[in-house]
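# Results of the structural survey
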Amino acid sequence: MRPDGRDPAELFLGSEAGATAYREAMERATEAALDATGRAAPYSGDGPDDHEERLAGFDPLPDEGRGLRRVIEEVGEHVLSRSVDPSNPRCVAHLQCPPAVPGLAAEAMATALNQSLDSWDQSPAATLLEQRMIDELCGLFGYDGGDGVFTGGGTQSNLMGLLLARERRCREAFGRSPREEGLPPEADALRIVCSEATHFTVRQAAAQLGLGEERVVSVPTNAGELSVEALDRVLEGLYDRGLDPFALVATAGTTDFGAIDPLEAMAERAAEYGAWFHVDAAYGGALALSDEHRGKLAGIERADSIAVDFHKLFYQPISCGAFLLRDGDDFELMGRNAAYLNPEGDAERGVPNLVSKSLQTTRRFDALKPYVTFRALGREGLAEPIEYTLDLAEAAAERLASDPAFELLHEPTINTVVFRYRPTGIPGDASREEWTDRINGEVRRRLLASGEAIVARTAVDGVTSLKLTLLNPRTTLGDVEAIMAAIREHGTRIEAGGVAA
Ligand SMILES: *Cc1c(COP(=O)(O)O)cnc(C)c1O
């Protein structure tokens, strides 16, 4: 099969020959992907050495090309079929969603046209469609007059929120723009306040912004949710010491418990202290689609900025996220002009160049994925699978709580369930915590190595625990029970045989 690189007509779109090559390549690529999904187990169980050995024979840049047909076959057999399959109902570890078919179709369309969202003349229709999508999202989160931009995900969206917060505070309080002149000496007093369960990317952003990770102040949680009482103590303490809590970050859906911080109360505190209020709704933002669960996000409309990920609970292929601003004019805090992309006259002439709203320059047309999915399924059609997974998480938690072999560690808020396998006996030389920690760690390793189910691990109070992230609407309670049975079996066997150190 062409192309082998010798005939440009077959290597690029735009001619009959190119169209034929593309059609055939996409068909074969589709078959290779389909062969790799829908298997009984979510993973082959291969370890790093197995992959290393298998791939060693494939030179990524041979002097002479091997031809596309052969390479697609190789990739299907040696990479895709040996990958974890997030579409498998027993792949329930992380916020790695099964991608929905409309999003996959949109991905193919977006990449074929290769629009770049930095300037109007590289993406006219796409620019406007992204903007319409952003307007719709603003409406969904109660932002009137809001604005936003698509991002690579929560990491980038969180950084943007804190970047704008830092710029605003430094300009207003110290009369200096960090963007232009770097941080003022007074910036030593700046503090970011969030719960101890906040995603690590908030600390990472503090480091990247030149504030430093130690300027992030963690507030204790109750069952994963920020404690308002503790927040008040922290804020008063900072204030008394002459420090400036310039940004308050709430999480709507923590990575482990799916907990949603008390958004209303936090919005009030932010207003009181003049702090920027950013809500990391990377995980929980999708609840806005559901009449039944939207109430859990009450108060989010008071945030200055919101991070939402579509590649999690919105079932879109990676990567796809958005950053939303309640007051679109705040983009001025980061906007810049490049003569070749968005010369100043353009804005006056009404030509939108989205580069001024983004940390990226060249940027994918990711907005097409949620657009196609939203329009194809409608809000109700989208809410249904999400609501199913929340019900499933509740049922799974009930099963775990009523089974003495398990210890349920929280009531689910969204669709994660954190628990532990409870060892039947404790050997004389170990504490219950140490033993539970080791057995649960080993159970997870064995599950992954067998490929029968993929569950996540996390630490709760320093003890290794297990986590099901039930994103997949095809996962049933029967799957959850089968995973519980597999965990119990591994646990019993490990207890009988002892744990290797
Ligand atoms: C996933 C996640 C992030 C990071 O987002 P990416 O899309 O992985 O960059 C941040 N915060 C929360 C709560 C998340 O779940």
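Residues numbered from 1 in each chain as written. Predicted model: local features only at pLDDT ≥ 70, side-chain atom pairs only at ≥ 80, totals over all residues. Heavy atoms only, no water.

### With respect to the domain arrangement of the protein chain
Domain boundaries assigned for the protein chain yield domain 1 (116-364) and domain 2 (375-497). Here domain 1 and domain 2 have C-alpha centroids that lie 32 Å from each other. Taken together, the contact pairs 21 residues of domain 1 with 21 residues of domain 2. In this assembly, domain 1 and domain 2 are joined by 2 salt bridges. As a salt-bridge pair, K467 and D256 come within 3.1 Å of each other at their nearest N and O atoms. Between domain 1 and domain 2 we count 13 residue pairs in polar contact (both at pLDDT 80 or more) in total. The residue inventory of the side of domain 1 that touches domain 2, partitioned by class, reads 9 nonpolar, 6 polar and 6 charged. (Domains from an automatic or database assignment. Contact = heavy atoms within 4.5 Å. Salt bridge = Lys/Arg side-chain N within 4 Å of Asp/Glu carboxyl O. Polar contact = N/O pair within 3.5 Å; in protein donor to acceptor, adjacent residues only side chain to side chain. Nonpolar A, V, L, I, M, F, W, Y, C, P; charged D, E, K, R; others polar.)

### Some details on the sheet that holds strand β10 (residues 406-408)
With antiparallel pairing, 4 strands are arranged side by side in an open sheet as β10-β11-β13-β12. The strands lining the two open edges of the sheet, one partner per strand, are β10 and β12 (456-460). Across the sheet, the axes of successive neighbouring strands diverge by a mean angle of 40 degrees, strand direction being ignored. With 4 bridges joining them, strand β11 (residues 416-421) and strand β13 (residues 463-469) adopt antiparallel strand pairing. If you follow V417 over to β13, its bridge partner there is L468. Sheet strands touched by helix α13 (residues 368-401): β10 and β11. Its angle to β11, the strand with the most contacts, is close to 15 degrees. (Pairing = 2+ DSSP bridges. Helix = DSSP H or I, 4+ residues; strand = E, 2+ residues; numbered from the N terminus. Axes fitted to C-alpha atoms, helices over the stretch in contact; angles between N-to-C directions.)

### Remarks on the packing of aromatic side chains
Each aromatic ring pair is described using two quantities: the centre-to-centre distance and the angle formed by the ring planes. Under the counting rule described, the total for this entry stands at 8 aromatic pairs. Aromatic pair F406 and Y421: ring centres 6.4 Å apart, planes at 75 degrees, arrangement edge-to-face. Of the two residues, F406 sits in strand β10 while Y421 sits in strand β11, which places them 15 residues apart along the sequence. Y421 shares its class with F406; the two are buried. Aromatic rings pair up to connect F150, F310, F314 and F374 into one cluster. (Phe/Tyr/Trp six-rings, centres within 6.5 Å; stacked < 30°, edge-to-face > 60°. Buried < 20%, exposed > 50% of the residue type's maximum accessible area, 1.4 Å probe, protein only.)

### Details of the layout of surface pockets
Volume-wise, the largest pocket comes out at about 1300 Å³. Considering every element that reaches the lining of the largest pocket, the biggest residue donor is helix α2 (residues 16-36), with 7 residues. The residue inventory of the lining of the largest pocket, partitioned by class, reads 27 nonpolar, 12 polar and 4 charged. Shared between two domains, the lining of the largest pocket holds at least three residues of each, these being domain 1 (116-364) and domain 2 (375-497). Estimated volume of the second largest pocket: approximately 420 Å³. A per-element tally of the lining of the second largest pocket places helix α12 (residues 344-348) first, with 3 residues. Along the lines of polarity and charge, the residues of the lining of the second largest pocket split into 6 nonpolar, 7 polar and 8 charged. (1 Å grid on protein atoms, 1.4 Å probe; cavity = no way out; pocket = protein on both sides within 12 Å on 5 of 7 lines; lining within 4 Å. Points joined across faces, edges and corners; volume = space filled by probe spheres on them.)

### A word on the sheet that holds strand β2 (residues 190-195)
On the basis of which strands lie adjacent, the open sheet formed by 7 strands has the order β1-β9-β8-β7-β6-β2-β3 and mixed pairing. Of all the strands in the sheet, just β1 (147-151) and β3 (216-219) have a single pairing partner and so form its edges. Taking each pair of neighbouring strands and ignoring which way they run, the sheet shows an average axis angle of 20 degrees. Pairing between strand β6 (residues 244-251) and strand β7 (residues 276-281): 5 bridges, direction parallel. The residue of β7 that forms the bridge with V249 is H278.

### Some details on helix α9 (residues 200-208)
Among the residues of α9, those classed as buried are T201, V202, A205 and A206. Each buried residue of α9 sits inside an arc of 150 degrees when the element is viewed along its axis, so together they form one side. For α9, the elements touching its buried residues are α7 (154-174), β2, β3 and β6. Taken from the residues just after α9, G210 is the one with a positive phi, measuring 75 degrees. (Arc of directions from axis to C-beta.)

### Notes on the site of the ligand
The immediate surroundings of the ligand are formed by 15 residues, with T155, D280, D309, H311 and K312 found nearest. In the environment of the ligand, an oxygen atom lies 2.5 Å from a nitrogen or oxygen atom belonging to the side chain of T155. Measuring from an oxygen atom of the ligand, one finds a side-chain N or O atom of D309 at 2.5 Å. Residue contributions to the shell around the ligand peak at 3 residues, all from α7. Across the shell around the ligand, the residue classes tally to 3 nonpolar, 9 polar and 3 charged. (Near = heavy atom within 4 Å.)

### Notes on the packing of helix α5 (residues 101-113) against α13
Where α5 contacts α13, the axes come no closer than 8 Å and their chain directions differ by 140 degrees. With respect to each other, α5 and α13 are oriented oblique. Of the two elements, α5 crosses α13, and the hand of that crossing is right-handed. Contact with α5, carried on its side by P102, G103, A106, E107, M109 and A110, involves L368, K369, V372 and T373 of α13 and no other residues of that element. (Parallel < 35°, antiparallel > 145°, perpendicular 65-115°, else oblique. Left-handed = near helix turned anticlockwise from the far one by under 90°.)

### Describing the environment of A459
Note that A459 resides in strand β12. Looking at A459, the relative accessible area reads 52%, which means it is exposed. Considering only alpha carbons, one finds A459 and D256, 203 residues apart in sequence, at a separation of 9.3 Å.

### Digging into unusual backbone geometry
In this model, I318 is joined to S319 through a cis peptide bond whose omega is 0 degrees. Relative to the helices and strands, S319 is located in the loop between β8 (305-309) and β9 (321-325). A positive phi is found at N114, a non-glycine position, where the angle reads about 50 degrees. Its location among the elements puts N114 in the loop between α5 and α6 (124-140). Residue classification places N114 among the exposed positions, given a relative accessible area of 63%. Unlike most non-glycine residues, A223 shows phi in positive territory, near 50 degrees. Tracing the backbone shows A223 in the loop between β4 (221-222) and β5 (225-226).

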